[in-house]
Amino acid sequence: MSARNPCAPAGISGYARTVQDSIISIDRLTVELGGNPVLRDMRLTVSQGEIVAVIGPNGCGKSTLLRCLAGLQPVTSGEVLVFGRPPADDTAFWRRVSLLGDDPAWYPGLTAREHLELMSTVHARPRMAVEAALEVFALVERADAPPLNLSTGQRQRLCLAAALLRPSSLLLLDEPERGLDVGFRARLAGLLHEYTAEGGTVVLATHDQDLASHARQVSPSGATAA
Amino acid sequence: MSERPAPTARGHHDMTESVGSVRAVRAFLWSRRRARPSLLDRYVTGFGLAMLAAVFGTPVTSTLEGLNLQIDPSRTGAGVALVALALAGFLATARAAGPVLLPSPDASWLLLSPLNRRQLLGPTGRMLVLVAVMAGALLGLGLVMALGAPDPIVWRVLGALALGVSAAVGGMALAVLGQASQSWQVWLTVVTAALMALAVLAVSGRLRTVLALAANAPLPAVTAAASGAAAVAAFLVGRAWVALDRIPTRALVTASTRGGHVANAAVVLDPGALTWIAEDNHWRARRLTSRRWPALPAPLALAWQDWRRLGRRPGRLAAMFALAALPAVLAQAGGPPPVLGGAVLAGALAVAVTGTSGARRDGDNPALARLIGVGHRQALAARAILPALLGGAWATLALVWVSVLTGAFSGTWWWLGLPVAPALAAAALRMAGRSPVDHSAPVLDTPGGPVPTGPLIWAFTGIDLALIGCLPAVAALFSAPARPGTFLAVQAVAGALVLAGYLWRARPRTAQETVTGPATKGTAQAT
């Protein structure tokens, strides 16, 4: 993994070139929430096939950065480009971007398997079959349970299965390790590598050092880890 | 300074004494509440109650005076059926609520302790009796309005009130007993089913003679019936009081948690959360078997979930369509055409709303919708099919029932369900997609008191579209023309236009608008 500093100043021509080549480019991003600056003058570029781990203590702006990338958080100043244009919370954007955040509102009356079946039916070319996804995410035995009856970790695995089953070019994951046991955390890194090997790009906010060690690490506060 | 006794050799004995002293615990909690009701608070409560009595006293008195009218015997059956259905609904609600529950903090801290269970649940029991007495009084009034009062009205009203209160209090006691033991649960089911059967028989006219006898029963017979009912109710209340400490803790905790969520939803005035709670509670308790998802185009595949959910609750579907007979019962009981029309359209809209769970979930928390990535407008168009079908079919069936039982609205009227269906679907989807109540909306000062516009706007969102879209149908039902063909044609155009306009104007709620939704609902889901 590359360990270049995302906060290093880039020349104007260099920035323009980077924008063209990159999946994500952020320039002088500042976000204030309730008058408090959460992100300040942040710069980041992410190329296709990269895994970028956003790390840092609670409240440093990891989730805010992901929300900015998903077009869900208005920026105070600066520029955020995803696929060369500002991210928009619309259908065209979500066809290319897969976002995993907090526990979603599961559809009532559908089982875990049916949620994945729905995801598979709606997307013309799913990345994996439903049965395979249930196997990979260790949900076979709980496939007929409504998601609300699953444990926290199982629900998180179902979220990850849904996010990774559907085709996408960019995967945004907010603390994907939440509720997962150690064994599955290790497997998750492998799944993300498979995703990027197919040409996808991953940005994840995480507190898991092992998971982050598989990625280029950046910190919203400006400091960059190795 | 401290009043706490120092640990002594008698410590264990002291603790044993304190165990079971629910009064001491409540006094302790009461003394630490931030705001204890002051004299002024009590005055305001008393004044409010006096004002309520003054405001509603006159209508109640005039209603009682009006009861001296002779009731048309052909309408008695329908009236009694409505009263029986109301009592069955009361029992079903009591059963669904618990009915014995505690405030959530009490359930967490006091229930799982060695405190005397009956003393702990005593206040809840008294509250249930109060609720039952009030519901019973309304049922009694309904009964006397259905049967009429040919002679001294006061005794008839008192007799009916005694019967109504006895039935409601006895029913509530039965629900409490049902919470404590499975065998009483069966009895509760039997009574509810019997009330439904009574309603059907009363509507069918087979009880005409019995009801005529009941309406003209001599006063001693009325007194005997009321006394008998009161005795049965007292017996059941006694058994329920004894059974209070036999109610399984698990049942109490479940009911209290559910009640806590309902109370939270009521406090933050987000009635939408209640639907989430009800849905989640239902499906979490169900054992499901996955079935293959049909290979449909993306928007229809997304909408298919509502169809599947509907298919998984056949009993609910059957009950909804059985209730299509209600407007007919209302018509038989003498309901005027505007009330009848309102009942048909309101019922059809309520049924249409049951087919919009998917749209409501995605509106409140669009995380899954984003993963699915189907266009908002296409998804809505696909999701409009089921509520249109449900609403239209229910309206048609209701009008068929009305024409079969009363002879009104026959022939061409049956087709009214078809042209109102698109407008009902649009209204149902608009209701499903509305934001939580906006508490920052201004409060209007009116002569009747302050009116918060936030809840008002929330309540009318969706109904507004139904009113606009069904205007020709409303006009037709109100004026009841002999040949409603023109109305139906205009309604067909209006319905299609309203749905098309709604879909054209539809846009998903922004990320900022959905912040309140999932946050509120998350509480319900986290349990």
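Relevant structure appears above.
Per chain, residue numbering runs from 1 following the sequence as it is written. Throughout, the order in which chains and ligands are written sets their labels, letters from A for the former and numbers from 1 for the latter. Two thresholds apply to this predicted model, a pLDDT of at least 70 for residue-level local features and 80 or more for giving and counting side-chain atom pairs, whereas whole-chain, interface and lining totals are computed over all residues. To get the side-chain values, take all heavy atoms of the structure and skip hydrogens and water.

## With respect to the overall build of chain A
Moving on, step 1. Counting its regular elements, chain A contains eight helices and eight strands.
Moving on, step 2. Here chain A holds 226 residues, and the buried ones make up 57% of them.
Moving on, step 3. With the model as given, the accessible surface of chain A reaches about 9200 Å², and the carbon-plus-sulfur share is 49%. Each helix is a run of DSSP H or I of at least 4 residues and each strand a run of E of at least 2, with the numbering of both proceeding from the N terminus. Each residue gets one of three labels from its accessible area relative to the maximum for its type: buried under 20%, exposed over 50%, partly exposed in between, using a 1.4 Å probe on protein chains only. Only the protein chains shown count as covering a residue, and every accessible area follows the Shrake-Rupley method with a 1.4 Å probe.

## Examining the overall build of chain B
Moving on, step 1. Broken down by element type, chain B carries 26 helices and two strands.
Moving on, step 2. Counting only residues that meet the buried cut, chain B has 41% of its 527 residues in that class.
Moving on, step 3. Any two residues having at least one pair of non-hydrogen atoms within 4.5 Å are treated as being in contact. A separation of at least 24 residues holds for 81% of the contacts in chain B among residues at least 6 apart in sequence.
Moving on, step 4. A total accessible area of about 27300 Å² is found for chain B, and carbon and sulfur atoms account for 70% of it.

## Remarks on the environment of Thr76 of chain A
Residue and element names in this part refer to chain A.
Moving on, step 1. Structurally, the position occupied by Thr76 is in the loop between helix H2 (62–69) and strand E4 (77–82).
Moving on, step 2. Not counting residues up to four positions away in its chain, the partners in contact with Thr76 are Thr30, Val31 and Glu32.
Moving on, step 3. Here a polar contact is taken to be a pair of N or O atoms separated by no more than 3.5 Å, where protein atoms must pair a possible hydrogen donor with a possible acceptor and residues adjacent in sequence count only if both atoms sit in side chains. Polar side-chain contacts of Thr76 include one of 2.8 Å to the backbone nitrogen of Glu32.

## Re the interface of chain A and chain B
Moving on, step 1. On the side of chain B, 41 residues touch chain A, which itself brings 36 residues to the contact.
Moving on, step 2. Defined here as a combined quantity, buried area equals the accessible surface (1.4 Å probe) lost by two parts on assembly, summed across both. Of the roughly 3300 Å² buried at the junction of chain A and chain B (both faces included), carbon and sulfur atoms supply 59%.
Moving on, step 3. Sorting the residues of chain A by area buried against chain B places Tyr107, Pro108 and Leu148 of chain A first, and these three jointly supply 20% of that buried surface.
Moving on, step 4. When a carboxyl oxygen of Asp or Glu is within 4 Å of a side-chain nitrogen of Lys or Arg, the pair counts as a salt bridge. The interface formed by chain A and chain B includes three salt bridges.
Moving on, step 5. Salt-bridge contacts for Glu114 of chain A lead to Arg312 of chain B; the nearest nitrogen and oxygen are separated by 2.5 Å.
Moving on, step 6. Taken together, chain A and chain B are joined by 16 residue pairs in polar contact (both at pLDDT 80 or more).

## So, the layout of surface pockets
Empty space among the atoms becomes apparent when a probe as large as a water molecule is rolled across them.
Moving on, step 1. A cavity here means a set of points on a 1 Å grid, drawn over the protein atoms and nothing else, where a 1.4 Å probe fits but cannot get out; a pocket is an open set with protein on both sides within 12 Å along at least five of seven lines, and a residue lines either one if it has an atom within 4 Å of a point. Grid points are joined across faces, edges and corners, and a volume is the space filled by probe spheres set on the points. Size it by volume and the second largest pocket reaches roughly 1100 Å³.
Moving on, step 2. Around the second largest pocket sit 42 residues that line it, and His376, Gly433, Arg507, Pro508 and Arg509 of chain B are the ones nearest its centre.

## Quick notes on empty space enclosed by the protein
Moving on, step 1. Under the defined criterion, the tally for this structure stands at one cavity of 30 Å³ or more.
Moving on, step 2. Roughly 80 Å³ of internal volume is contained in the largest cavity.
Moving on, step 3. Contributing to the lining of the largest cavity are 13 residues, with Tyr107, Pro108, Gly109 and Leu148 of chain A together with Asp280 of chain B lying nearest its centre.
Moving on, step 4. Of the residues forming the lining of the largest cavity, the biggest block, four residues, is contributed by helix H12 (residues 271–284) of chain B.

## As for the packing of helix H6 (residues 152–165) of chain A against helix H7 (residues 182–197) of chain A
Residue and element names in this part refer to chain A.
Moving on, step 1. Note on definitions: angles span 0 to 180 degrees between N-to-C directions of axes, and those axes are lines fitted to C-alpha atoms, for helices only across the stretch in contact. Taken N-terminus to C-terminus, the directions of H6 and H7 make an angle of 10°; their axes are 12 Å apart at the nearest point. By the angle class used here, H6 and H7 are roughly parallel. Every residue of H7 that contacts H6 at Arg157, Leu160 and Leu164 is listed here: Phe184, Leu188, Leu191 and Tyr195. Roughly parallel refers to an angle under 35 degrees, roughly antiparallel to one over 145, roughly perpendicular to one between 65 and 115, and oblique to any angle outside these ranges.

## Focus on a nonpolar patch on the surface
Moving on, step 1. A cluster of nonpolar residues, Leu40, Tyr43, Val44, Phe47, Met51 and Val55 of chain B, forms a patch on the protein surface that exposes about 630 Å² of accessible area.
Moving on, step 2. Counting through the fold element by element, Val44 of chain B comes out in helix H3 (residues 39–66). Like charges are joined within 9 Å and nonpolar side chains (Val, Leu, Ile, Met, Phe, Trp, Tyr) within 5 Å, but only among residues with over 30% relative accessible area and no salt bridge; these make up the patches.

## A word on the sheet that holds strand E1 (residues 22–33) of chain A
Residue and element names in this part refer to chain A.
Moving on, step 1. At least two DSSP bridges between two strands are needed for those strands to be called paired. If you walk across this open sheet you meet the three strands as E2-E1-E4, and the pairing is antiparallel. Strands at the two margins of the open sheet, each flanked by one partner only, are strand E2 (36–47) and E4. On average, each strand axis in the sheet is tilted by 15° relative to the strand beside it, whichever way the strands run.
Moving on, step 2. The pairing of E1 with E4 spans five bridges and is antiparallel. Along E4, the bridge assignment pairs Ser25 with Leu81.
Moving on, step 3. The strands touched by H2 are E1, E2 and E4; relative to E1, the strand with the most contacts, the crossing angle is about 125°.

## Looking at unusual backbone geometry
Residue and element names in this part refer to chain A.
Moving on, step 1. Positive phi outside glycine occurs at Asp41, with the angle close to 50°.
Moving on, step 2. Among the structural elements, Asp41 can be located in strand E2.
Moving on, step 3. Residue class for Asp41 comes out partly exposed when judged on its relative accessible area of 47%.

## A short note on the packing of helix H16 (residues 337–353) of chain B against helix H21 (residues 417–432) of chain B
All names here are of chain B.
Moving on, step 1. In the contact formed by H16 and H21, the axes pass within 9 Å of each other and the chain directions differ by 55°. On the basis of their axis angle, the class for H16 and H21 is oblique. When you trace H16 past H21, the crossing you get is right-handed. Between H16 and H21, the contacting residues are Leu345, Ala348, Leu349, Ala352 and Val353 on the first element and Val420, Leu424, Ala427, Ala428 and Met431 on the second.
Moving on, step 2. Basically, the charged four are Asp, Glu, Lys and Arg, the nonpolar ten are Ala, Val, Leu, Ile, Met, Phe, Trp, Tyr, Cys and Pro, and anything else, Gly included, counts as polar. When grouped by side-chain class, the residues that make up the contact of H16 with H21 number ten nonpolar, no polar and no charged. Each helix crossing is assigned a hand: it is left-handed if the near helix lies turned anticlockwise from the far helix by less than a right angle, otherwise right-handed if that turn is clockwise.

## Notes on the pairing of E2 of chain A
Residues and elements named next belong to chain A.
Moving on, step 1. Note that E1 and E2 share eight bridges and pair antiparallel. In the sheet register, Ser25 faces E2, and the bridge partner there is Thr45.
Moving on, step 2. The antiparallel pairing of E1 with E2 creates a hairpin that spans two residues between the two strands, and Gly34 there sits at a positive phi of about 60°.

## Some thoughts on the sheet that holds strand E8 (residues 216–218) of chain A
Residues and elements named next belong to chain A.
Moving on, step 1. Taken in spatial order, the five strands line up as E5-E6-E7-E3-E8 in an open sheet, and their pairing is parallel. Every interior strand has two partners, whereas the edge strands, strand E5 (97–100) and E8, have only one. Between one strand and the next, the sheet's axes are offset by a mean angle of 15°, whatever the strand orientation.
Moving on, step 2. In this sheet, E8 lies alongside strand E3 (residues 51–54) in parallel orientation, the contact comprising three bridges. Directly across from Ala53, in E8, lies its bridge partner Gln217.
Moving on, step 3. Most of the contacts of H2 go to strand E6 (residues 170–174), to which it runs at about 150°, and overall it touches E3, E6 and strand E7 (201–205).
Moving on, step 4. Against the sheet, H7 contacts E3, E6 and E7, and its axis sits at roughly 145° relative to E7.

## Observations concerning the side chain of Asp362 of chain B
Moving on, step 1. In this structure, Asp362 of chain B sits in helix H17 (residues 357–364).
Moving on, step 2. Here Arg383 of chain B takes part through its side chain, which lies 2.9 Å from a polar atom of the side chain of Asp362 of chain B.

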